[in-house]
Amino acid sequence: MNDSKKAFYAYLDRLDLVTLLLPYDYHQGHSKYFTYIHRDESYELVIEGIEEINDFRKYYCSFPHPFPFGAICYIESEHGDVIEVDIGSVTRTPEFDELFKYEGPLGYEYQPHATTFKVWAPTATALRLELHHGNDSEMIELSRKQEGVWQVTVSMDVHEWCYCYHICVNGVWREAVDPYVKAITPNGQLGVIIDENRYKHPKTARPSFSMMTDAIIYETHIRDLTIHPNSGVRHKGLYKGIAEENTANVKGDSTALNYMKELGITHIEFLPLNHFAGVDETRPDDCYNWGYNPLHFNVPQGSYASNPATPYTRINELIGLIDVIHQKGIRVILDVVYNHVYERETSSFEKIVPGYYFRHDLNGTPSNGTGVGNDIASERHMVRKFIVDSITYWTNTFKVDGFRFDLMGILDVTTMKLIRKTLDGIDSTILVIGEGWDLNTPLAKEEKANIHNQDRLGAIAQFNDQFRDGIKGNTFNLYDCGYALGNHYYYQTAKTVLKGSIGQQGIFNEPFQTVNYVEVHDNHTLWDKIHICFPEDTDESKRLRHRLATAMVLLAQGIPFLHSGQEFFRTKNGEGNSYRSPDCVNQLDWMARSKYKENVEYVKGLIAFRKRYAILRLSSTKQINEAVSFLDIEKPLLAYLLSHHKFNEDVLCYFNPTEKEYEMSLPYGQWKLYVTQNQASPHSLGNYSNITLPPFSCYCFVQEKVTC
């Protein structure tokens, strides 16, 4: 009935409203009345309004009875032509969302004797399950149940059979993979039915962790971490490779997980490792991609598995990797991309319930706050349910310890708060961090999960662009330099961000809400920016500037974040957007780890220093306001003093971003030195009452309090 060329068109745009479009070449667009037909029932629609639009006359018609979703209905014009009613923008209305709210499980529930399949597809008029076993396949009809859920139970053992769905909406049949799928064939053309009881079971509990500000996050990419020829890893670019023990480069220096353990970080953050487009899982060496093209949200990426063709391999190897990381005392954060899909038109979401899962503007055009052509409508109940269900699955099955939400500002406050609440019910120490940028998506300003609404988000941290721009310089102006690179304009900003970006000049209510960073996978590395901005500088001066900026990340209040390789001056040869650049650009150069061993030891020492003194990791604004002050010294130098009655030591840090050296007399007598421009340690480097502060340097001192 759904011909490509109809006499006229009918769309259900509200639960009680059908919009009719009559072309001018169809009786000049005129019809005195329209008749609604469903089975043996028929009645005349009420024409509520008419307007002229492009080549059509548009009629707004209401009807008194509930629309029978799941059935085919027709409209007849006064001229006797009959057409089907298509599902239109009704799927984007709150009334539709409320009518088909469903709280139960979706996907499949496997048992050896019978497997039940459930799909939420309220606008479908028919739905079929296609099962594949070897060269055989069969099609099975699903039955429509309550809340728009379709269901069927297959009474035989379908373990490791492949499957997909065929959905009929608006008279068009589309094939889709189950959005809740947990295993797939290579490259995700079909889902695979598996038994979760056959997953590898983790042996190690989550490493102990308490306050969010205790975290030191180290971001990396599964492939980047081990693909270098001198990584010392046998299974390069794979989950198994990172899990290898005692890896080292040809110089004998530690690499990969062994190295990260020695560095002292608390959390590894992996770029997206759920199934994504851009890399052929069967030929992973042919292409590279960061992974921000999500396809199947609950399936580990197969190009990182030793055999992507066997469905359990990718699952068990990732579970095993996380378990090994836990054994090292390190937690794992996953970078998750619930703000968009790779391609809206071909996504399972759009095929199963067209128009529901994505935001549209007032003209009905898909919104593009993400910049990739689609924004996930997280504010709708079943979208929110999918995201929360997915997060819960990764947390419980893979024992993930945290999530980094890509473009979190696209998502809504209610969804993010529910995620936080759900994770608190599992383990309140699981971290939630995100990119809270204010993005142009059609969501009410007060509902966007961005920095402007951080006071409503509670224990969810956000990437602090005030810190990034104030210390390094504006990301979107390559030649803009921040405080650590000698720009005195950012002097006040530097003071604010060292204090946790709280208070009148700050952007957060609490220090645990700020993720402090100067380098991340996006944009130029810090080294490349410095190299471009200071072409006449010596390499030594560039390294000192770089070291100062990194030191400020690790000494500021809040949550420090390091990009992998930052500590050995990671370069991408000037490439500012390497999301699909080859390994030669993105790989971690493990020979640079040896070449710049002194700087690695410096960062390692800073981390140990931060860990030793809890006053560097204050968890509340109240404590910071009581403990933090700045000495009155010559600008643009900063002297950052931490002193609080609950702590037995005072910490004093000096920052000199200039090319000059300064003679400084320290307050309060003798101080123990822990950090210089060349050394950083959790152990004292000597006692001082004055110091010469060299160019581009950071010096830190500790003074034990005298107790009576």
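These numbers come from a predicted model, not from an experiment.

Visitor: What is the right way to read the sheet that holds strand S36 (residues 697–704) from this model?
Guide: Whether parallel or antiparallel, the strands of a sheet pair through hydrogen bonds between backbone atoms. Here we have six strands laid out as an open sheet, ordered S29-S30-S31-S36-S33-S34, and antiparallel in their pairing. If you trace the sheet from one side to the other, it starts and ends with strand S29 (628–630) and strand S34 (687–688), each paired once. When strand S31 (residues 649–656) meets S36, the two strands line up antiparallel, connected through eight bridges. Counted as the bridge partner of Asp-650 is Gln-703 from S36. Packing of helix H10 (residues 491–498) onto the sheet brings it into contact with S29, strand S30 (638–642) and S31, and relative to S30 it is tilted by some 20°.

Visitor: Is there a simple way to think about the environment of Gln-677 in this case?
Guide: Within the element layout of this structure, Gln-677 appears in the loop between strand S33 (671–675) and S34. Residues Gln-677 and Tyr-699 lie 22 residues apart in sequence; the distance between their C-alpha atoms is 6.7 Å. When neighbours within four sequence positions are excluded, Gln-677 is seen to be in contact with Leu-544, Arg-547, Tyr-602, Pro-694, Ser-697, Cys-698 and Tyr-699. Of note is the side chain of Gln-677, whose polar atom sits 2.7 Å from the side chain of Tyr-699.

Visitor: Help me out: how do you make sense of the pairing of strand S7 (residues 74–77) in this one?
Guide: Consecutive side chains along a regular strand alternate between the two faces of the sheet. Residues Ile-75 and Ser-77 line the buried face of S7, whereas the alternating positions Tyr-74 and Glu-76 sit on a face that is not buried. Sheet analysis places strand S3 (residues 34–38) next to S7, joined by four bridges and oriented antiparallel. Counterpart to Tyr-36 in the pairing with S7 is Ile-75. In terms of strand pairing, S7 meets strand S8 (residues 82–84) through three bridges, oriented antiparallel.

Visitor: Could you clarify how one ought to interpret the nonpolar core in this entry?
Guide: Taken as a class, soluble globular proteins show a tendency for nonpolar side chains to be buried jointly. Counting 185 residues, the largest nonpolar core has Trp-120, Phe-405 and Phe-655 as the members making the most contacts within it. Ranked by residue count, the leading element in this core is helix H7 (residues 381–398), at nine residues. When sequence neighbours within four positions are dropped, the list of residues in contact with Phe-655 reads Tyr-483, Leu-498, Leu-548, Met-552, Leu-555, Leu-637, Leu-638, Tyr-640, Ser-697 and Cys-698. Counting 21 residues, the second largest nonpolar core, distinct from the first, contains Ile-217, Trp-437, Phe-463 and Val-520.

Visitor: What should I look at first to understand the environment of Ala-608 in this one?
Guide: When you line up the elements, Ala-608 lands in helix H15 (residues 597–612). In this structure the C-alpha to C-alpha distance between Ala-608 and Lys-32, which are 576 residues apart in sequence, comes to 81 Å.

Visitor: Hey, could you run me through H7 in this one?
Guide: Compared with the 26 Å implied by 1.5 Å per residue over 18 residues, the 25 Å span of H7 between its first and last C-alpha is a close match. Within H7, 15 of the 18 residues are buried, which leaves the element mostly enclosed by the surrounding structure. Downstream of H7 by a residue or two, Lys-399 has a phi angle that is positive, lying close to 60°.

Visitor: Looking at this structure, I do not really get the pattern of salt bridges. What am I missing?
Guide: Proximity of charged atoms lets side chains of opposite charge pair with each other. With the rule as written, the count across this model stands at 37 salt bridges. Residue Asp-537 is joined to Arg-545 by a salt bridge in which the shortest nitrogen-to-oxygen separation is 2.8 Å. Between Lys-672 and Glu-704 there is a salt bridge; the shortest N-O distance is 3.4 Å. Of the two residues, Lys-672 sits in strand S33 while Glu-704 sits in strand S36, which places them 32 residues apart along the sequence. Each of the salt bridges in this network shares a partner with another, and the network as a whole consists of Glu-269, Asp-335, Arg-404, Asp-406 and Glu-435.

Visitor: Would you explain the sheet that holds strand S9 (residues 86–87) in this entry?
Guide: Spatial strand order, S5-S6-S2-S1-S9: five strands in an open sheet with mixed pairing. Each end of this open sheet is capped by a strand with a single partner; those strands are strand S5 (46–53) and S9. Alignment of S5 against strand S6 (residues 56–62), held across seven bridges, turns out to be antiparallel. By the bridge assignment, Glu-52 is partnered in S6 with Arg-57.

Visitor: Sorry, what's going on with the side chain of Asp-335 here?
Guide: Considering the arrangement of structural elements, one finds Asp-335 in strand S23 (residues 331–336). Look at Asp-335 and you get buried, because its relative accessible area is 2%. At 3.0 Å, the side chain of Asp-335 and the side chain of Arg-404 are in polar contact. If we skip the residues at most four places from it in the chain, Asp-335 touches Glu-269, Phe-270, Leu-271, Pro-272, Tyr-292, Arg-404, Asp-406 and His-521.

Visitor: Sorry if this is basic, but what is going on with the pairing of S23 here?
Guide: Judged by how many residues are buried, S23 sits mostly within the fold: six of six residues are covered. Burial of S23 is two-sided: the residues Arg-331, Ile-333 and Asp-335 facing one way and the residues Val-332, Leu-334 and Val-336 facing the other way are all buried. Where S23 and strand S24 (residues 402–405) come together, four bridges link them in parallel fashion. Within S24, the position partnered with Val-336 by the bridge is Phe-405.

Visitor: Just checking my understanding: could you explain the packing of helix H12 (residues 539–555) against H15 for this structure?
Guide: In the contact formed by H12 and H15, the axes pass within 10 Å of each other and the chain directions differ by 20°. Judged by the angle between their axes, H12 and H15 are roughly parallel. Between H12 and H15 lies a crossing of right-handed hand. The residues of H15 that touch H12, namely those facing Arg-547, Thr-550, Ala-551, Leu-554 and Leu-555, are Glu-598, Asn-599, Tyr-602, Val-603, Leu-606, Ile-607, Phe-609 and Arg-610. When the residues that make up the contact of H12 with H15 are grouped by side-chain class, the tally is eight nonpolar, two polar and three charged.

What counts, and at which threshold
Residues numbered from 1 in each chain as written. Predicted model: local features only at pLDDT ≥ 70, side-chain atom pairs only at ≥ 80, totals over all residues. Heavy atoms only, no water. Pairing = 2+ DSSP bridges. Helix = DSSP H or I, 4+ residues; strand = E, 2+ residues; numbered from the N terminus. Contact = heavy atoms within 4.5 Å. Axes fitted to C-alpha atoms, helices over the stretch in contact; angles between N-to-C directions. Polar contact = N/O pair within 3.5 Å; in protein donor to acceptor, adjacent residues only side chain to side chain. Buried < 20%, exposed > 50% of the residue type's maximum accessible area, 1.4 Å probe, protein only. Core = buried A, V, L, I, M, F, W, Y, C linked by side-chain atoms within 4.5 Å. Expected span 1.5 Å × (residues − 1). Salt bridge = Lys/Arg side-chain N within 4 Å of Asp/Glu carboxyl O. Parallel < 35°, antiparallel > 145°, perpendicular 65-115°, else oblique. Left-handed = near helix turned anticlockwise from the far one by under 90°. Nonpolar A, V, L, I, M, F, W, Y, C, P; charged D, E, K, R; others polar.

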